[in-house]
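The chain contents come next:
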Amino acid sequence: MTASGALPPPLRDPAPLLDRTIEEWGGHEDLWLFGYGSLIWRPDFEFAERRPAQVQGWHRALKMWSRVNRGSPEVPGLVFGLLSGGSCRGVVFRIPAAAGLETLGRLWLREMPTGVYDPRWLRCATPGGPVRALAFTLSRKSPNFTGTLSDARYREIFATATGRYGSSLDYARQTFEELQRHGIHDAALARLMRLASTELDAR
């Protein structure tokens, strides 16, 4: 948030993206959502079913600037984005069709206040068979994509960045711990947690 408490200007209007997503879903079948970050440990919606899931062609990366939820315009933090390439293990949630519209509206307030993500329908492999689920992906052309960050920059962000939902470090740690609880190993995130531990030990 800005010093006045208002959200920073949106990168683009999120309303048309919500309208398009609702149209693509159709509203006649249950809604599936793919969680790869905080949705795994804080979904903030009721769901009828949750399954382990994997998507091909995308990977989880702590390479998205956060100037609201986990940082500020003055001290940007980091959140996960789903970047093209590789694969990603996470979970899918099944939302009953009758609750789909309300759930999407709440998700937009949480995930899309500045319109930064590109919502996409991805094929997710699950133990119960493939499902088509909505995921929040990030374009490398987005101004919120960090590009390559040095270890020193990650340490600095972990030490300083905090937003309306807490610090970047807490966000990364909670995600790491929840992934472990689900039996998901993320080597890149594990390395970042070691960096964070080194930073904390040095204080």
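A brief look at the structure comes next. (Residues numbered from 1 in each chain as written. Predicted model: local features only at pLDDT ≥ 70, side-chain atom pairs only at ≥ 80, totals over all residues. Heavy atoms only, no water.)

What follows is about the packing of helix α1 (residues 14–25) against helix α3 (residues 97–111). Across the interface, α1 lies against α3 with an axial gap of 11 Å and an inter-helix angle of 160 degrees. With respect to each other, α1 and α3 are oriented roughly antiparallel. For the pair α1 and α3, the crossing hand works out as right-handed. Packed against α1, whose contacting residues are Pro14, Leu17, Leu18, Thr21, Ile22 and Trp25, the element α3 presents Ala97, Gly100, Leu101, Leu104 and Trp108 at the interface. The residue inventory of the contact of α1 with α3, partitioned by class, reads nine nonpolar, two polar and no charged. (Axes fitted to C-alpha atoms, helices over the stretch in contact; angles between N-to-C directions. Helix = DSSP H or I, 4+ residues; strand = E, 2+ residues; numbered from the N terminus. Parallel < 35°, antiparallel > 145°, perpendicular 65-115°, else oblique. Left-handed = near helix turned anticlockwise from the far one by under 90°. Contact = heavy atoms within 4.5 Å. Nonpolar A, V, L, I, M, F, W, Y, C, P; charged D, E, K, R; others polar.)

Here we come to the packing of aromatic side chains. Tallied over the full model, the rule gives nine aromatic pairs. A centroid spacing of 5.5 Å and a plane angle of 40 degrees characterise the contact between Phe80 and Tyr171, whose relative ring orientation is tilted. Of the two residues, Phe80 is situated in strand β3 (residues 77–95) and Tyr171 in helix α5 (residues 168–181); the sequence distance between them amounts to 91 residues. When sorted by exposure, Phe80 lands in the same class as Tyr171, which is buried. Stacked on the ring of Tyr165, the Lys or Arg Arg42 has its end atom at 4.5 Å from the ring centre. (Phe/Tyr/Trp six-rings, centres within 6.5 Å; stacked < 30°, edge-to-face > 60°. Buried < 20%, exposed > 50% of the residue type's maximum accessible area, 1.4 Å probe, protein only. Lys NZ or Arg CZ within 6 Å of the ring centre and 35° of its normal.)

It is worth stressing that arrangement in space is one thing and function is another; only the former is reported here.
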